[in-house]
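These are the residues of each chain, in order.
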Amino acid sequence: MNVIITENYESMSKEAAKIVVDTMSKKINAVLGLATGSTPEGMYAELCRSYNKGEISFRAVNSVNLDEYYPISATNNQSYRYFMNKNLFDKVDINKSNTYVPNGEAKDAAAECKSYDELIASLGGIDLQILGIGRNGHIGFNEPNGELIPVTHLTSLTESTIESNSKYFPTPSDMPRSALTMGIGTILNAKKIVIMASGKEKHEAILKMLTGKVTTMWPATMLNLHNDVTLICDRRAYYGE
Ligand code: PGA
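Residues numbered from 1 in each chain as written. Predicted model: local features only at pLDDT ≥ 70, side-chain atom pairs only at ≥ 80, totals over all residues. Heavy atoms only, no water.

Student: What's the story with the site of the ligand in this structure? I'm lost.
Tutor: If you check the shell around the ligand, you find Gly37, Ser38, Thr39, Gly132, Ile133, Gly134, His138 and Lys202 and nothing else. For the ligand, an oxygen atom lies 2.6 Å from a polar atom in the side chain of lysine 202. If the ligand stood free it would expose 280 Å²; the protein chains cover 81% of that surface. Here the residues of the shell around the ligand are counted per class, giving one nonpolar, six polar and one charged. (Near = heavy atom within 4 Å. Polar contact = N/O pair within 3.5 Å; in protein donor to acceptor, adjacent residues only side chain to side chain. Areas by Shrake-Rupley, 256 points an atom, 1.4 Å probe, with all protein chains shown as cover. Nonpolar A, V, L, I, M, F, W, Y, C, P; charged D, E, K, R; others polar.)

Here's what the structure looks like:
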């Protein structure tokens, strides 16, 4: 695993954006695997800046997001579809019909998951997958468990995740208790992976990943099975400062 340690959140965001820009300049129709949450917000702001300066175009890009709450309406301001529109898609020249987020309104979750994996395969796979990391080591919504599901699936959220994310909802009980998420296998199929982390609360999860070992109880450690992963983290996440 390549490791880039940055001074702070801003420099972490810039380093991650550089890798996205590099991927897009090498392949104009790149398939970007995108993530939501507070971690990648700064990276999206950097990408919007590069777009505004005319350095990049998303015209031919396809994007597939990691996960979505379930059930949730796309217009709910806590849905990941809403987040992506607000932070990136509405601000650049991407063709919205080439942007994919698991459908939190699907009647049949299993069918939605199956068609999501088929969609990724039909796009030729993911060129660059961006990831955040949960305090409990989750990636996407692959929560710690004795067993992990490799493909896109419906999953229950853990108390740790509910505690971290419920603050964004009007009341904690408004937060969905389930989500649709790419599986670990879907993620590991990406050609290149960037995982970002900022803040002391991510330190333990980062340390587990950097042992180089693999355990389903810290899902991010599964990234040690991939040969092109870059961890970009700030000093607080790396040193636990
Ligand atoms: P965060 O979430 O970026 O909001 O910290 C990361 C994650 O849970 O994967």
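Student: Before we go on, may I ask you to explain the packing of helix H2 (residues 41-52) against helix H3 (residues 80-87) in this structure?
Tutor: Helices that pack against each other are described as a pair by the angle of their axes relative to one another and the distance between those axes. Following both chains from N to C, one finds H2 and H3 inclined at 35°, their axes separated by 10 Å at the closest point. Taken together, the residues of H3 that come into contact with H2 (itself represented by Glu41, Tyr44 and Cys48) are Phe83, Met84 and Asn87. Taken together, the residues of the contact of H2 with H3 sort by class into four nonpolar, one polar and one charged. (Axes fitted to C-alpha atoms, helices over the stretch in contact; angles between N-to-C directions. Helix = DSSP H or I, 4+ residues; strand = E, 2+ residues; numbered from the N terminus. Contact = heavy atoms within 4.5 Å.)

Student: Any chance you could explain the environment of proline 219 here in plain terms?
Tutor: Position of proline 219 among the secondary structure elements: in the loop between helix H7 (203-210) and strand S10 (229-234). Overall, the relative accessible area of 0% leaves proline 219 in the buried class. Expressed as a C-alpha distance, the spacing of proline 219 and asparagine 136, which sit 83 residues apart in the sequence, is 8.5 Å. Excluding its chain neighbours within four sequence positions, the residues that come into contact with proline 219 are Asn136, Gly137, His138, Ile139, Asn142, Glu143, Pro144, Leu148 and Ile184. (Buried < 20%, exposed > 50% of the residue type's maximum accessible area, 1.4 Å probe, protein only.)

Student: Teacher, can you tell me more about unusual backbone geometry here?
Tutor: For residues other than glycine, phi is negative in most cases, and the peptide bonds are mostly trans. Omega for the bond connecting tyrosine 70 with proline 71 falls within 30 degrees of zero, at -5°, which places this linkage in the cis form. Here proline 71 is to be found in the loop between strand S4 (67-70) and H3.

Student: Honestly, the sheet that holds strand S3 (residues 62-65) in this entry has me stumped. Any pointers?
Tutor: Strands belonging to one sheet form pairs held by backbone hydrogen bonds; the direction of such a pair is parallel or antiparallel. Pairing is parallel in the open sheet, where seven strands are placed in the order S1-S10-S9-S6-S2-S3-S5. Looking at the sheet topology across the chains shown, the edges are occupied by strand S1 (2-6) and strand S5 (99-100). Pairing analysis gives four bridges linking strand S2 (residues 31-34) to S3, with the strands arranged parallel. Looking at the pairing, leucine 32 lines up with serine 63 of S3. Seen against the sheet, H7 touches S1, strand S9 (192-197) and S10 and runs at an angle of roughly 150° to S10. (Pairing = 2+ DSSP bridges.)

Student: How should I be thinking about the sheet that holds strand S7 (residues 153-156) in this particular structure?
Tutor: Sheet architecture is open: three strands sit in the order S4-S8-S7, paired in antiparallel fashion. With one partner strand each, in any of the chains shown, S4 and S7 form the two edges of the open sheet. Each adjacent strand pair in this sheet contributes to an overall mean axis angle of 30°, direction not counted.

Student: Hey, could you run me through the packing of aromatic side chains in this one?
Tutor: Note on aromatic pairs: each is described by the distance of the centres and the angle between the planes. Tallying each qualifying case throughout the model produces six aromatic pairs. Taking the centre distance of 4.8 Å and the plane angle of 40° together, the rings of tyrosine 69 and tyrosine 80 count as tilted. One end of the pair, tyrosine 69, is in strand S4; the other, tyrosine 80, is in helix H3, and eleven residues separate them in sequence. Neither tyrosine 69 nor tyrosine 80 differs from the other in exposure class; each is buried. Aromatic side chains tyrosine 69 and phenylalanine 141 sit 5.7 Å apart centroid to centroid with 40° between the ring planes, which places their arrangement in the tilted category. In this pair, tyrosine 69 sits in strand S4 while phenylalanine 141 sits in the loop between strand S6 (128-131) and S7, placing the two residues 72 residues apart along the sequence. (Phe/Tyr/Trp six-rings, centres within 6.5 Å; stacked < 30°, edge-to-face > 60°.)

Student: When you look at H7 in this model, what are you seeing that I'm missing?
Tutor: Given 3.6 residues per turn, any residue in an α-helix points the same way as the ones three and four places further on. Those residues of H7 not exposed but buried are His203, Ala205, Ile206 and Met209. Axial view of H7: buried residues confined to an arc of 165°, hence all on one face. Summarising the contacts, the buried residues of H7 are in contact with S9, S10 and helix H8 (235-239). Two residues or fewer after H7 comes glycine 212, characterised by a positive phi angle close to 85°. (Arc of directions from axis to C-beta.)

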